[in-house]
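# Understanding the architecture of this molecule
Below, each chain spelled out in residue letters.
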Amino acid sequence: MCGIALIVSGIRIETSWLPLDSTSSTRKTEKLLFSFDDLKAALRRRGPDSVCAKKLILQSEENLISSFSDDGVSSSERDNADDIHTAKLHFFGAALQLRGIQPLIQPLVDTSGNILVYNGEIFGGFHLESDCNDTEFLMRTLGECCSCASCSAGLCVECGKSSVVGVLSTIKGPWAIIYWQDSSRTLWFGRDGFGRRSLLVHWPTEDDSTFLLSSVSPVSPVQQATEDEIRNGIGCLSYWEELPCGIYSLHVDVSKSGGYLVAEVKMHEYANCMLTELIKWDRISVEPSSEDLKTCCHKLSRGQRSIYQASSESVPNETDSVQSAVPVSAHILLDALKESVLRRTSLYTIYQAVISGIRQEEFVPVAILFSGGLDSMILAALLDKCLDPHYEIDLLNVSFDGHLAPDRQSAKAGLNELRRVAPSRKWRLVEIDADLSDLVFETSHVVSLINPANTYMDLNIGIALWLASGGDGWVSDANTSDNDDNHVRTKYKSNAKILLVGSGADEQCAGYGRHRTSYRRGSWLGLHEEMRLDMQRIWRRNLGRDDRCIADNGKEARFPFLDEDVIRLLLNIPLWEVANLDQPIGIGDKKILREVAKLLGLYEAAVLPKRAIQFGSRIARESNRKNFGSNRAANQASAGSVRISSKSNFC
């Protein structure tokens, strides 16, 4: 993982083709003031192993462009670096190295003058050896691409080489990239089709012509807004935007009239038809026939009877009847999810253990953001099957109400169930307790992390994720499967750098209350459209924010439910086998995942209702009391959607 950024000045960038409401050159934003050091500090928190910067200078002379790296600029060229024929590109990279056996410092610069900063993981599409660093691999692969700045096909029709668009479209896994191709004088940037890695953009505007890309904002506009701006609502405007998923290019040229440097932003379609189909999110079978529903309900009733039998100690052999009652589609999904977890946990080395001085037997490579709910329980059970048995697994659970929070109670119950299905594994429940009134500095910091998200709901989720991923909590001395809250707890901080997160499960399997509402209003087609809307906006509403909050602790979030193969499989399964919202809560919602849980022996988790982290941890309740006076007042004000616009809430 890496924190990446780019600052471009001196190029007149044409963005008229972009959506007018967000990128018009006449749009004004509040001036966001930060230094290079501020940006480096924000990126370093994401990539604590190394931080570096490279400066590229472009100069135009007689309609030709010359490029010089920071180290290759003469004193006379430095003197001319501010004239109208000169542009500066500042690349920043801060690495958290999880793959490879040698230290790697970004930005990477090859012998051809190409520059790469990359934040991502290659889990498929290309074959990488287990000791290979994917950033180095990508640099070599991109260096072999054609130099046609306008080539958008997978292969260049002129030279037969792979194109940059073709290479990026082939990657399976999360990524965000900034790449300078020197031979074509083209800047490439973008993020994967589902936005699993954050990349913010500031398009040039009337009052700020600088073009910026960054994994995270160094500061928040709310914190720098004046009292007048807050009063007039200007402080709510965002300097940054989430870069829409896609591949973009900036081909730098010389203006025919003035000789200054110009560029036009172009967006390229992914050159992978299977990926574009996933992004469209069209399901093969949406509306069932009456016979389909009759068969589905019959299987459901058989499965429910088997659960009650299998959970009874007096009928120890009924697990086989549960397995046989579960539809074939759930068996196939279980295999796909297991493979997804394996991809995300097997391609690591002990590099992190070596550089941090942790003995291998004490090293915890992977942890889970753990509520004890359906999604995190499935991930935990699958991780047990994929991870070397001598490693412990940290289960990170955050609470703003001690042992009374619903997520803390379900986490303890989930721990007992995991001990039952995987008794040889060493599980460690890390209890992260927080008091919102004590988190003044931390809250202000998270405001900048969630930016450009700016509602109290975003802030509540962001704080909970930030604290949980930090892994700084307590572990109980209890080694038995009881729920006694009087056990002695000792301080503990998880050193796991890879965190499995359940994002994408609710969107794909109808886990939200709005899905039930859409089903009531529009039946199966209405449900499908609502789920598709969720998947097509998950990059904007969830993943960028979550990536920034988790990565700020020097941890990398990985999303097994958002694996390309898992998404494709779920779209190939009839909707009525994925969810049946005629059934009660805890049965029909995320039906197929509940069946997967049964196959894993997680019978208690299989019937748990959906509970969002802000409610399960009780941060929403505490935030409502702090910012609105009471839960009732907050509900009347629709607190979750209220924008954060006053500094007095944090200072």
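Criteria and thresholds
Residues numbered from 1 in each chain as written. Predicted model: local features only at pLDDT ≥ 70, side-chain atom pairs only at ≥ 80, totals over all residues. Heavy atoms only, no water. Buried < 20%, exposed > 50% of the residue type's maximum accessible area, 1.4 Å probe, protein only. Helix = DSSP H or I, 4+ residues; strand = E, 2+ residues; numbered from the N terminus. Pairing = 2+ DSSP bridges. Arc of directions from axis to C-beta. Contact = heavy atoms within 4.5 Å. Core = buried A, V, L, I, M, F, W, Y, C linked by side-chain atoms within 4.5 Å. Domains from an automatic or database assignment. Axes fitted to C-alpha atoms, helices over the stretch in contact; angles between N-to-C directions. Parallel < 35°, antiparallel > 145°, perpendicular 65-115°, else oblique. Nonpolar A, V, L, I, M, F, W, Y, C, P; charged D, E, K, R; others polar.

Going by what an unreviewed UniProt entry lists, the protein chain is known as Glutamine amidotransferase type-2 domain-containing protein and is assigned to Phaseolus vulgaris.

Next up on the list: the pairing of strand β9 (residues 186–191). Counting buried residues in β9 gives 6 out of 6 residues, a clear majority hidden from the surface. Here β9 shows no split at all, with Thr186, Trp188 and Gly190 on one side and Leu187, Phe189 and Arg191 on the other all buried. Pairing analysis gives 6 bridges linking strand β8 (residues 175–181) to β9, with the strands arranged antiparallel. Within the sheet, the bridge partner assigned to alanine 176 lies in β9 and is arginine 191. Count of turn residues in the β8/β9 antiparallel hairpin: 4 residues, of which arginine 185 carries a positive phi of about 55°. Here β9 runs beside strand β13 (residues 246–254); their pairing, made up of 6 bridges, is antiparallel. Pairing of glycine 190 across the sheet is with isoleucine 247, part of β13.

This brings us to helix α2 (residues 36–46). Listed in full, the buried residues belonging to α2 are Leu39, Ala42, Leu43 and Arg46. All buried residues of α2 lie within an arc of 95° about the axis, which places them on one face of the element. Where the residues of α2 are buried, they touch β1 (2–9), β5 (86–95), β7 (115–120), β11 (211–214) and α19 (538–551).

The next subject is the nonpolar core. In terms of nonpolar packing, the biggest core is built from 148 residues, with Leu395 and Leu593 touching the most fellow members. Two domains each donate at least three residues to this core, and these are domain 1 (2–19 + 29–71 + 84–222 + 234–273) and domain 2 (361–479 + 489–500 + 555–641). Apart from residues lying up to four places away in sequence, leucine 395 is in contact with Ile368, Phe370, Ala380, Leu415, Leu418, Trp427, Arg428, Leu429 and Val430. Counting residues in each nonpolar core, the second largest holds 31 residues, with Leu6, Ile13, Tyr248 and Leu250 among its members.

Let's shift gears to the packing of helix α18 (residues 513–536) against α19. One way to put it is that α18 packs onto α19 with a least axis distance of 8 Å and a crossing angle of 60°. Considering the angle they form, α18 stands oblique to α19. Within the contact between the two elements, α18 uses Arg514, Asp534, Met535 and Gln536 and α19 uses Ile538, Trp539 and Arg541. Residue classes in the contact of α18 with α19 are distributed as 3 nonpolar, 1 polar and 3 charged.

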